[in-house]
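# A look at the structure
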Amino acid sequence: MTTVTMTINGKTVSGDIEGNTLLSSFLREDLQLTGTHIGCDTSQCGACVVHVDGKPVKSCTMFAAEAEGADVATIEGQANSDGSLNVVQQAFQDHHGLQCGFCTPGMVMTTVALLKENPKPTEAEVREHLEGNICRCTGYHNIVKAILAASGQDVSAIAAE
Ligand code: FES
Ligand code: FES
């Protein structure tokens, strides 16, 4: 067993874990932060994306011990301080960017990271950025629309699907 300490959504957290514990397992099983989803365990689906030191990371590809001392953000920390949805979450709701919602935490975390880097992405850039996030339900159309809307771009000419 090894002890890890990191900041998660602004709070310092420690845990005693096996050295091979994945960050995704630490979040979900040790801390009950189950908003980070596990869709594949083979680094393909992106449902487990969190931010580590500001960068989007598939948390199933990283050992928790590797996040020692890191600043981790999960979907649970994404709402505004008054509890309202952040701009990305609100856009997903407004533009029907989710159906079953399984991929949504990863999509939101990926999008927040994208908009930090590229505040006004083109549709092509959004689609390229979503390459590592799989959605089985939506066909991506409304997700892309939601992301463009979250970036403040006019999506009124894009048909709903
Ligand atoms: Fe991590 Fe699918 S669970 S990429
Ligand atoms: Fe169901 Fe994306 S909304 S997997």
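On a predicted model such as this, the values are computed, not experimentally measured, just so you know.

For Ala149, the position within the fold is in helix α5 (residues 141-150). In the structure, Ala149 is positioned 55 residues away from Asp94 in sequence and 9.2 Å away in space, judged by C-alpha atoms. If near-sequence neighbours (up to four positions away) are discounted, Ala149 is found in contact with Ala91, His95 and Val155.

This part covers the layout of surface pockets. In this structure, the largest pocket encloses a volume near 200 Å³. Forming the boundary of the largest pocket are Gly39, Cys40, Gln44, Cys45, Ala47, Cys100, Phe102, Cys103, Ile134, Cys135, Arg136 and Cys137. Across the lining of the largest pocket, the residue classes tally to 9 nonpolar, 2 polar and 1 charged.

Turning to the pairing of strand β3 (residues 49-52), a few remarks are in order. Because side chains alternate across β3, one face comprises the buried residues Val49 and His51, and the other comprises Val50 and Val52, equally buried. The sheet contact formed by β3 and strand β4 (residues 55-58) spans 4 bridges and is antiparallel. Of the residues in β4, the one forming a bridge with His51 is Pro56. With antiparallel pairing between neighbouring strands as the criterion, β3 and β4 make up a hairpin whose turn holds 2 residues, including Asp53 at a positive phi of roughly 50°. One ladder, built from 2 bridges, connects β3 with strand β5 (residues 71-73); its direction is antiparallel.

Taking 1.5 Å of rise per residue, the 14 residues of helix α3 (residues 104-117) would be expected to cover 20 Å, and the 20 Å separating its terminal C-alpha atoms lies within 8% of that figure. Counted residue by residue, α3 has 12 buried out of 14 residues, so it is predominantly covered. The complete set of buried residues in α3 reads Thr104, Pro105, Gly106, Met107, Val108, Met109, Thr110, Thr111, Val112, Ala113, Leu114 and Leu115. Buried-residue contacts for α3 involve β3, β4, β5, α2 (87-94), α4 (123-129) and α5.

The next thing to look at is the pattern of salt bridges. Counted by the stated rule, this structure contains 1 salt bridge. Its salt-bridge partner being Arg127, residue Glu123 comes within 3.0 Å of it at the nearest N-O pair. Of the two residues, Glu123 and Arg127 are both situated in helix α4; the distance of 4 residues between them amounts to about one turn of the helix. Under the relative-accessibility criterion, Glu123 is labelled partly exposed at 39%. For Arg127, a relative accessible area of 38% gives the class partly exposed.

Moving on to the side chain of Thr36. Note on placement: Thr36 falls in the loop between α1 (23-30) and β3. The exposure class of Thr36 is buried, given its relative accessible area of 2%. With residues up to four places along the chain from it excluded, the contact list for Thr36 reads Leu27, Arg28, Ala47, Cys48, Val50, Ser59, Thr74, Ile75 and Glu76.

Here we come to the nonpolar core. The biggest cluster of nonpolar side chains holds 23 residues, and the ones touching the most others in it are Val88, Phe92, Met107, Val126, Leu130, Ile143 and Ile147. Of all the secondary structure elements, the ones that give two or more residues to this core are α2, α3 and α5. Not counting residues up to four positions away in its chain, the partners in contact with Leu130 are Met107, Thr110, Ile143, Val144 and Ile147. With 17 residues, the next largest nonpolar core counts Val4, Ile8, Ile17 and Leu23 among its residues.

Procedures and definitions
- Residues numbered from 1 in each chain as written.
- Chains lettered and ligands numbered in written order.
- Predicted model: local features only at pLDDT ≥ 70, side-chain atom pairs only at ≥ 80, totals over all residues.
- Heavy atoms only, no water.
- Helix = DSSP H or I, 4+ residues; strand = E, 2+ residues; numbered from the N terminus.
- Contact = heavy atoms within 4.5 Å.
- 1 Å grid on protein atoms, 1.4 Å probe; cavity = no way out; pocket = protein on both sides within 12 Å on 5 of 7 lines; lining within 4 Å.
- Points joined across faces, edges and corners; volume = space filled by probe spheres on them.
- Nonpolar A, V, L, I, M, F, W, Y, C, P; charged D, E, K, R; others polar.
- Buried < 20%, exposed > 50% of the residue type's maximum accessible area, 1.4 Å probe, protein only.
- Pairing = 2+ DSSP bridges.
- Expected span 1.5 Å × (residues − 1).
- Salt bridge = Lys/Arg side-chain N within 4 Å of Asp/Glu carboxyl O.
- Core = buried A, V, L, I, M, F, W, Y, C linked by side-chain atoms within 4.5 Å.

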